[in-house]
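The residues making up each chain are set out below.
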Amino acid sequence: MIRKMSRKHVLAGLAAAGVLGVGIAAPTVALADDKSPSPSASANADQGTDRKQQRADRQAEFADALAKELGVSTDKVTAALEKIREQHQGDRPERPSAEDRQAWQQERQAQLKERLDQAVKDGKLTQEQADAVLKAVEAGVFPGPGGGGHRGGWGNGR
């Protein structure tokens, strides 16, 4: 049994296929043209600027491919993408500075020490056990204050 599709459904399907095609093709094209060698350990100073340049190049290629697919100018697509990026930038919380993170870690470590001291006082831990926990946290064995641990600290779920 053959059903007749409405023009609206056909156009919606074609639009979805076009967006999907660009979403798949643009990153593929961007990655296929990247023939730069991976940076060595001695190039760490330039790595940040190289990454920014590579990102800008990929974004320009994506905007060009999207403009061609949609049949509009690259400048118009680039302006629209920049506008959206700026809108989303305002929604993002600012990252804390290194000093703020260090102060937060010191504060959390002081809170942990207080809790461990109370546990020793209550007879739940020995002083040796409390010292071992603090030493492990400082060494980064556990995620959270003082140590490297997992990214994001306590309970971030990453």
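For the structure, check the block above.
**As for the pattern of salt bridges**
Tallied over the entire structure, the rule returns three salt bridges. Among the ionic pairs, aspartate 64 bridges to lysine 68, the shortest N-O distance being 3.5 Å. Highlighted residues: aspartate 64 and lysine 68, both in helix α2 (residues 44-70), separated by four residues, approximately one helical turn. For lysine 113, the salt bridge identified is with aspartate 117, shortest N-O distance 3.5 Å. Remark: aspartate 117 and lysine 113 occur in helix α4 (residues 98-121); sequence separation between them is four residues, near one turn of the helix.

**Re the nonpolar core**
Counting residues in each nonpolar core, the largest one holds five residues, listed as Leu112, Leu116, Ala130, Leu134 and Val137. Of all the secondary-structure elements, those providing two or more residues to this core are α4 and α5 (127-139). In terms of residue count, α5 provides more of this core than any other element does, three residues in total.

**Observations regarding a positive patch on the surface**
A cluster of basic residues, Arg55, Arg58, Arg92, Arg95 and Arg101, forms a positive patch at the surface. Counting through the fold element by element, arginine 55 comes out in helix α2. Exposure remark for arginine 55: the relative accessible area of 47% places this residue in the partly exposed category.

Here is what the cut-offs are and how they apply
- Once a new chain begins, its residue numbering starts again from 1 and follows that chain's sequence as written.
- Side-chain atom pairs in this predicted model are given and counted only at pLDDT of 80 or more, local residue features only at pLDDT of at least 70, and totals for whole chains, interfaces and linings cover all residues.
- Side-chain measures were taken over the full set of non-hydrogen atoms in the model, leaving aside hydrogen atoms and water.
- Salt bridges are counted wherever a side-chain nitrogen of Lys or Arg sits within 4 Å of a carboxyl oxygen of Asp or Glu.
- Put simply, DSSP marks the helices as runs of H or I at least four residues long and the strands as runs of E at least two long, and each gets a number from the N terminus on.
- Residues belong to a common nonpolar core when they are buried Ala, Val, Leu, Ile, Met, Phe, Trp, Tyr or Cys residues joined through side-chain atoms within 4.5 Å.
- Accessible area is worked out with a 1.4 Å probe on protein chains only. A residue is then buried under 20% of its type maximum, exposed over 50%, and partly exposed in between.
- Excluding any residue in a salt bridge, patches collect residues exceeding 30% relative accessible area, merging like charges within 9 Å and nonpolar Val, Leu, Ile, Met, Phe, Trp and Tyr side chains within 5 Å.
- Surface accessibility in these figures is a Shrake-Rupley result with a 1.4 Å probe; residues are shielded only by whichever protein chains are displayed.
- Charge convention: Lys and Arg are scored as positive, Asp and Glu as negative, and His as well as the terminal groups of each chain are ignored.
- The atom standing in for a charge is NZ when the residue is Lys, CZ when it is Arg, CG when it is Asp and CD when it is Glu.

Function-wise, these values are silent; they only describe arrangement.
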